[in-house]
Amino acid sequence: MKQLFTNIKELLQVRENTVDKLSGTEMKELPTIKNAWLLIEDDKIADYGEMKSIPKINADKTIDAEGKIILPSWCDSHTHIVYAGNRELEFADRINGLSYEEIANRGGGILNSAKTLQETPEEEVYKQSAKRLEEVMKLGTGAVEIKSGYGLTEEGELKMLRVIKKLQQNYNIPIKATFLGAHAIPKEYKEKPDAYMDLVIEKILPKVAEENLAEYIDIFCEKGYFSVADTHKLLSAAKKFGLKPKIHVNQFNAIGGIQAGIEHNALSVDHLEVMRPEDIESLKDTTTMPVALPSCSLFLSIPYTPAREILEAGLPLALATDFNPGSTPSGNMNLVVSLACIKMKMTPEEAINAATINGAYAMELSETHGSITRGKQANFILTKEIPSYTFLPYAFGTNSIESVFINGKTV
Ligand SMILES: [Zn+2]
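In this report, we go over the structure that sits alongside the text. None of these values were measured; they are calculated from a predicted model.

Conventions and cut-offs
Residues numbered from 1 in each chain as written. Predicted model: local features only at pLDDT ≥ 70, side-chain atom pairs only at ≥ 80, totals over all residues. Heavy atoms only, no water. Helix = DSSP H or I, 4+ residues; strand = E, 2+ residues; numbered from the N terminus. Rg over C-alpha atoms; globule rule 2.2 N^0.38 Å. Buried < 20%, exposed > 50% of the residue type's maximum accessible area, 1.4 Å probe, protein only. Contact = heavy atoms within 4.5 Å. Areas by Shrake-Rupley, 256 points an atom, 1.4 Å probe, with all protein chains shown as cover. Lys, Arg positive; Asp, Glu negative; His and termini not counted. Charge placed at Lys NZ, Arg CZ, Asp CG, Glu CD. Expected span 1.5 Å × (residues − 1). Bend = angle between axes of the 7 residues up to and from the residue. Donors = N, O, S within 2.8 Å, 3.2 Å for Na, K, Ca; no water. Tetrahedral: all angles 85-135°; square planar, octahedral: opposite > 155°, others 65-115°. 1 Å grid on protein atoms, 1.4 Å probe; cavity = no way out; pocket = protein on both sides within 12 Å on 5 of 7 lines; lining within 4 Å. Points joined across faces, edges and corners; volume = space filled by probe spheres on them. Nonpolar A, V, L, I, M, F, W, Y, C, P; charged D, E, K, R; others polar. Axes fitted to C-alpha atoms, helices over the stretch in contact; angles between N-to-C directions. Parallel < 35°, antiparallel > 145°, perpendicular 65-115°, else oblique. Left-handed = near helix turned anticlockwise from the far one by under 90°.

Regarding the overall build of the protein chain
The helix and strand inventory of the protein chain stands at 15 helices and 16 strands. Taken against the 2.2 N^0.38 rule, which gives 22 Å for 411 residues, the C-alpha radius of gyration of the protein chain at 21 Å falls within 12% of a compact globule. If you line up the protein chain on its principal axes, its C-alpha atoms span 70 × 45 × 45 Å. A total of 411 residues make up the protein chain; the buried ones form 60% of that total. Residue pairs at least 24 apart in sequence account for 73% of intrachain contacts in the protein chain once pairs closer than 6 positions are excluded. On the protein chain, roughly 16200 Å² of surface is accessible, and the fraction owed to carbon and sulfur atoms is 49%. The averaged location of the 56 negative side-chain charges in the protein chain is 2 Å from the averaged location of its 45 positive side-chain charges.

Structure representation (structure tokens):
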């Protein structure tokens, strides 16, 4: 089926040739076509151009997009969408003065989510997670990564990953699965954390690989969670099964997680709220994508990833939500793009690049997603009538989306 969009006020992120990622000053440029047309054929972008030179097209359906903008759908490369229950009580605890670490020490935090996950039947976890997935698709997300990490037992982790697999089968959106067994140390292993690492590496990881449940490996490399040595050990083991690293580093402390990730050719290093000059330096000339999660900073009132320093060092940067029940109960990429502009001083062009093509890179999807390019998947957002694309991050909290297309179909 051919669908033609005409009179598009502005078509954003038009890339004649596929780029895999954008770095440093390249991110300042957002190529667009004003007063444009866009043709999609079935699930692919077929052609586009300026209205003044539109050829004769026999489309099955023509949509007048006057006053509206079309841009590639968001590529959210870091989420924990699969979980059970919520943690709004801890939210109230925090308002009453407890820190994230204090809540974790009281048996809250990740361990609380793990307990709920373990007690919830797989079918129910699926139902709750599917609802969230549908919600983020309506908010413009057209490709997403989802992690395990609230199981923390063999059964729990496999349950989460099977839920992700079922979402992959039932939804028309690319979903990348990441095994995050090393998310927190379960209470029963508090005195013997090495034994938990052994369980993850020797028992759970081989099962994950055997059932082909994940493409990526993740670890929370942080004081009180997992050390740099643990990170090396896990990433080396995962490599034997072909799992590439996408890891949680430098959220509260800089302990060398970035360097460990780079050593193992991590696809991405995520969080980066605390960055030393040597951390920025070591990311230069690597294929590792730095990923910022500004809604986590907002929710926890912790520093934002120093985007300007990262970009001024010539590095790329991607933006993602970190959607999870503890530190970021929101999967809204529109808010992420706004926060990147408001709090991280990224320009609208940089933020849109970071949330589309660079997000796609952080999921190995830049060949098929993240830009308006002939032959790519027809995953895009049609906005309401808005004055300019800068209005998107500017009018934070406003829903400027009219409809979302994934593989050529409206969500
Ligand atoms: Zn996370």
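Thoughts on helix α6 (residues 193–210)
Between its first and last C-alpha, α6 extends 25 Å over 18 residues, near the 26 Å set by a 1.5 Å rise per residue. At Ile 204, α6 is deflected by roughly 40 degrees, the largest bend along its length, and proline Pro 206 occurs up to four residues later in sequence. Along α6, the positions that sit buried rather than exposed are Tyr 196, Met 197, Leu 199, Val 200, Ile 201, Ile 204, Leu 205 and Val 208. Of the surrounding elements, those touching the buried residues of α6 are α5 (154–170), β8 (175–182), β9 (216–221) and α7 (228–240).

Observations regarding the coordination of the zinc ion
Each pair of donors in an ideal octahedron of six around a metal sits at 90 or 180 degrees, and each pair in an ideal tetrahedron of four sits at 109.5 degrees. Bound to the zinc ion are the protein donor atoms His 78 (NE2), His 80 (NE2), His 248 (NE2) and Asp 322 (OD), situated 2.1 to 2.2 Å from the metal. Relative to the metal, the 4 donor atoms surrounding the zinc ion lie at angles of 85 to 165 degrees, and the coordination shape comes out irregular. The sequence motif formed by the donor residues of the zinc ion is H-x1-H-x167-H-x73-D. You can see His 78 sitting in the loop between β6 (74–76) and α1 (88–95) and its partner His 248 sitting in strand β10 (residues 244–249), a full 170 residues away along the chain.

Structural notes on empty space enclosed by the protein
Enumeration over the complete set of coordinates arrives at 3 cavities of 30 Å³ or more. Reported here for the largest cavity is a volume of approximately 110 Å³. In terms of lining residues, the largest cavity is bounded by 14 residues, among which Tyr 100, Ile 110, His 183, Asn 324 and Ser 327 are the most central. Reported here for the second largest cavity is a volume of approximately 70 Å³. Lining the second largest cavity, in full, are Trp 74, Asn 334, Val 337, Leu 392, Pro 393, Thr 398, Ser 400 and Ile 401. Where the lining of the second largest cavity is concerned, the elements lending two or more residues are α12 (333–344) and α15 (391–394). Along the lines of polarity and charge, the residues of the lining of the second largest cavity split into 5 nonpolar, 3 polar and no charged.

Quick notes on the packing of helix α4 (residues 122–138) against α5
For any two helices packed against each other, one specifies the crossing angle of their axes together with the interaxial distance. Direction vectors running N to C along α4 and α5 enclose 50 degrees, while the axes themselves pass 10 Å from each other. The pairing of α4 with α5 is recorded here as oblique in orientation. For the element pair α4 and α5, the recorded crossing hand is right-handed. Here Glu 122, Glu 123, Val 125, Tyr 126, Ser 129, Ala 130 and Leu 133 of α4 lie close against α5, whose contacting residues are Lys 159, Arg 162, Val 163, Lys 166, Leu 167 and Asn 170. For the contact of α4 with α5, the class distribution of residues is 6 nonpolar, 2 polar and 5 charged.

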